Amino acid sequence: MRSELTDADYAALADFRFSLRTFQAFSEGKAAACGLTPQQHQALLVIRAAPPGAATVGRVAERLILKPHSATGLIDRMEALGLVQRQPSTLDKRLSVLSLTPEAHRTLETLSATHREEIRRLRPMLVDLMQRLETP
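Just so it is clear, the structure is predicted and the values come from calculations on it, not from any experiment.

How each quantity is defined
Residues numbered from 1 in each chain as written. Predicted model: local features only at pLDDT ≥ 70, side-chain atom pairs only at ≥ 80, totals over all residues. Heavy atoms only, no water. Helix = DSSP H or I, 4+ residues; strand = E, 2+ residues; numbered from the N terminus. Rg over C-alpha atoms; globule rule 2.2 N^0.38 Å. Buried < 20%, exposed > 50% of the residue type's maximum accessible area, 1.4 Å probe, protein only. Contact = heavy atoms within 4.5 Å. Areas by Shrake-Rupley, 256 points an atom, 1.4 Å probe, with all protein chains shown as cover. Lys, Arg positive; Asp, Glu negative; His and termini not counted. Charge placed at Lys NZ, Arg CZ, Asp CG, Glu CD. Core = buried A, V, L, I, M, F, W, Y, C linked by side-chain atoms within 4.5 Å. Bend = angle between axes of the 7 residues up to and from the residue. 1 Å grid on protein atoms, 1.4 Å probe; cavity = no way out; pocket = protein on both sides within 12 Å on 5 of 7 lines; lining within 4 Å. Points joined across faces, edges and corners; volume = space filled by probe spheres on them. Nonpolar A, V, L, I, M, F, W, Y, C, P; charged D, E, K, R; others polar. Salt bridge = Lys/Arg side-chain N within 4 Å of Asp/Glu carboxyl O.

Looking at the overall build of the chain
Here comes step 1: Regarding its fold elements, the chain presents five helices and two strands.
Here comes step 2: Listing each helix as α and each strand as β along the chain from the N terminus yields α-α-α-α-β-β-α.
Here comes step 3: Relative to the 2.2 N^0.38 estimate, which gives 14 Å for 136 residues, the radius of gyration of the chain is 19 Å and therefore markedly larger than a compact globule would have.
Here comes step 4: Seen through its C-alpha atoms, the chain measures out along the principal axes to roughly 55 × 35 × 25 Å.
Here comes step 5: By residue count, 30% of the 136 residues in the chain fall in the buried class.
Here comes step 6: Contacts in the chain between residues far apart in sequence, at least 24 positions, make up 53% of those at least 6 positions apart.
Here comes step 7: Put simply, the chain shows about 9500 Å² of open surface, and 57% of that area lies on carbon and sulfur atoms.
Here comes step 8: Each charge class in the chain can be summarised by its mean position, and for the 18 positive and 15 negative side chains these summaries are 6 Å apart.

Brief notes about the nonpolar core
Here comes step 1: Ranked by internal contacts, the top residues of the largest apolar core, which has 23 residues, are Leu 44, Ile 47, Val 60, Ile 75, Met 78, Val 84 and Leu 98.
Here comes step 2: Those elements that place two or more of their residues in this core are α2 (38-49), α3 (57-64), α4 (68-80), β2 (96-100) and α5 (102-133).
Here comes step 3: Every residue in contact with Met 78, bar those within four places of it in the chain, is listed here: Gln 40, Ala 43, Leu 44, Leu 83 and Val 84.

With respect to the environment of Gln 39
Here comes step 1: Mapped onto the secondary structure, Gln 39 falls in helix α2.
Here comes step 2: Linking Gln 39 and Ala 8, residues 31 residues apart in sequence, is a C-alpha distance of 34 Å.

Here we look at α5
Here comes step 1: The largest bend in α5 amounts to roughly 50 degrees and is located at Arg 123, with the proline Pro 124 lying one to four residues further along.
Here comes step 2: For α5, the complete set of buried residues consists of Ala 104, Thr 107, Leu 108, Leu 111, His 115, Glu 118, Leu 122 and Leu 129.
Here comes step 3: Elements in contact with the buried residues of α5: α1 (7-33), α2 and β2.

Considering the layout of surface pockets
Here comes step 1: By volume, the largest pocket is sized at about 320 Å³.
Here comes step 2: Around the largest pocket, the lining comprises 13 residues; the ones closest to its centre are Phe 23, Ser 27, His 41, Gln 42 and His 115.
Here comes step 3: At the level of elements, α1, α2 and α5 are the ones that each hand at least two residues to the lining of the largest pocket.
Here comes step 4: Take the lining of the largest pocket: its biggest share by element is five residues, from α1.
Here comes step 5: Across the lining of the largest pocket, the residue classes break down as six nonpolar, six polar and one charged.

Overview of the pattern of salt bridges
Here comes step 1: According to the stated counting rule, one finds seven salt bridges in the structure shown.
Here comes step 2: Between Arg 132 and Asp 128 there is a salt bridge, with its nearest N and O atoms 4.0 Å apart. Separated by four residues within a single helix, Arg 132 and Asp 128 lie in helix α5, roughly one turn from each other.
Here comes step 3: Taking relative accessible area as the criterion, Arg 132 reaches 33% and is therefore assigned partly exposed.

In structure tokens form, the structure reads like this:
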């Protein structure tokens, strides 16, 4: 059984979408200030957050919602920029495990600290929006 959406529901959904877009614009601007594209920033985060040995082009493709060949091109460009290194997997010789270079680690640490602070700043507003979207 579906409940009818109210004017308040539409307003909350619109505000939520606006908040997401505002954060995305913030993130894109911070990445650009560090000389990265948004996809490069996201890929660095995926690689850094992956469990040991799990940072592969396939994982980057999955987490960035890219086709495998697009993720390969992205990683190729990042490798050429000195942000990423490939090492043969010890478990599966068909795969390469990705790692960040020291420069990429420094850049990502700066970006991540800035993003964490922005999320902390936005938290009260986001919690309020989530509460507005709860079903009665």
